[in-house]
Amino acid sequence: MRLLPNQHTQHEVVVTYKPKKKVGSGLDPMAAWHIKIDDEFIGTSPTLNGVTHLLYDKGYKTWAFRRCPQKNGRPRFKATVIKVTN
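As the structure is a computational prediction, the values presented were derived from the model and not from experiment.

### Some remarks on the overall build of the protein chain
So, point 1. Helices and strands together make up the secondary structure of the protein chain, namely 1 helix and 6 strands.
So, point 2. Seen in sequence order, the protein chain has helices and strands lined up from the N terminus as β-β-β-α-β-β-β.
So, point 3. Out of the 86 residues in the protein chain, the part that is buried amounts to 24%.
So, point 4. Accessible area of the protein chain: about 6700 Å², with a carbon and sulfur share of 52%.

### Here we look at the environment of Ser45
So, point 1. Residue placement: Ser45 occurs in strand 3 (residues 40-45).
So, point 2. Judged by relative accessible area, which is 6%, Ser45 ranks as buried.
So, point 3. Between the alpha carbons of Ser45 and Ile35 there is a distance of 8.0 Å; along the sequence they are 10 residues apart.
So, point 4. Within polar-contact distance, the side chain of Ser45 engages the backbone nitrogen of Val51 at 3.4 Å.

### A look at the packing of aromatic side chains
So, point 1. With the rule as written, the count across this model stands at 2 aromatic pairs.
So, point 2. Here the aromatic rings of Tyr17 and Trp33 are separated by 5.6 Å at their centres, their planes lie at 65 degrees, and the arrangement is edge-to-face. Of this pair, Tyr17 sits in strand 1 (residues 7-19) while Trp33 sits in strand 2 (residues 31-37); the two residues are 16 residues apart in sequence, bridging distant segments of the chain.
So, point 3. Trp33 gets classed as buried once you look at its relative accessible area, which sits at 10%.
So, point 4. Aromatic side chains Trp33 and Phe77 sit 5.8 Å apart centroid to centroid with 50 degrees between the ring planes, which places their arrangement in the tilted category.

### So, the pairing of strand 6 (residues 76-85)
So, point 1. Relative to strand 6, strand 1 runs antiparallel, the two sharing 10 bridges. Looking at strand 6, one finds that Val15 is bridged to Phe77.
So, point 2. Both strand 4 (residues 60-61) and strand 6 contribute to a ladder of 2 bridges, which runs antiparallel. Following the sheet pairing, Lys61 is matched in strand 6 by Ile82.

### A few points about the environment of Thr16
So, point 1. With respect to the helices, strands and loops of the structure, Thr16 is situated in strand 1.
So, point 2. Exposure remark for Thr16: the relative accessible area of 14% places this residue in the buried category.
So, point 3. Apart from residues no more than four positions distant in its own chain, Thr16 is found in contact with Ala32, Trp33, His34, Gln70, Pro75 and Arg76.

Definitions and limits used
- Residues numbered from 1 in each chain as written.
- Predicted model: local features only at pLDDT ≥ 70, side-chain atom pairs only at ≥ 80, totals over all residues.
- Heavy atoms only, no water.
- Helix = DSSP H or I, 4+ residues; strand = E, 2+ residues; numbered from the N terminus.
- Buried < 20%, exposed > 50% of the residue type's maximum accessible area, 1.4 Å probe, protein only.
- Areas by Shrake-Rupley, 256 points an atom, 1.4 Å probe, with all protein chains shown as cover.
- Polar contact = N/O pair within 3.5 Å; in protein donor to acceptor, adjacent residues only side chain to side chain.
- Phe/Tyr/Trp six-rings, centres within 6.5 Å; stacked < 30°, edge-to-face > 60°.
- Pairing = 2+ DSSP bridges.
- Contact = heavy atoms within 4.5 Å.

Given below as structure tokens:
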């Protein structure tokens, strides 16, 4: 039996800062980072560290985010990630 090497696919991630509009009971208003992979929304995170953990939990590996601010001055980051499949 011959084992095939792991294959990987490359994807583009865009992480955009969008402040939360509504606050639940007892919660402080905070920033929400919206995460899209190849223009498909996958979730939000209150911290950039949480973004990395969310991507890792979904099977994506990333090394560095590139800053690319939006036109209105809000922060935005882009990264190229890989997903390894067996």
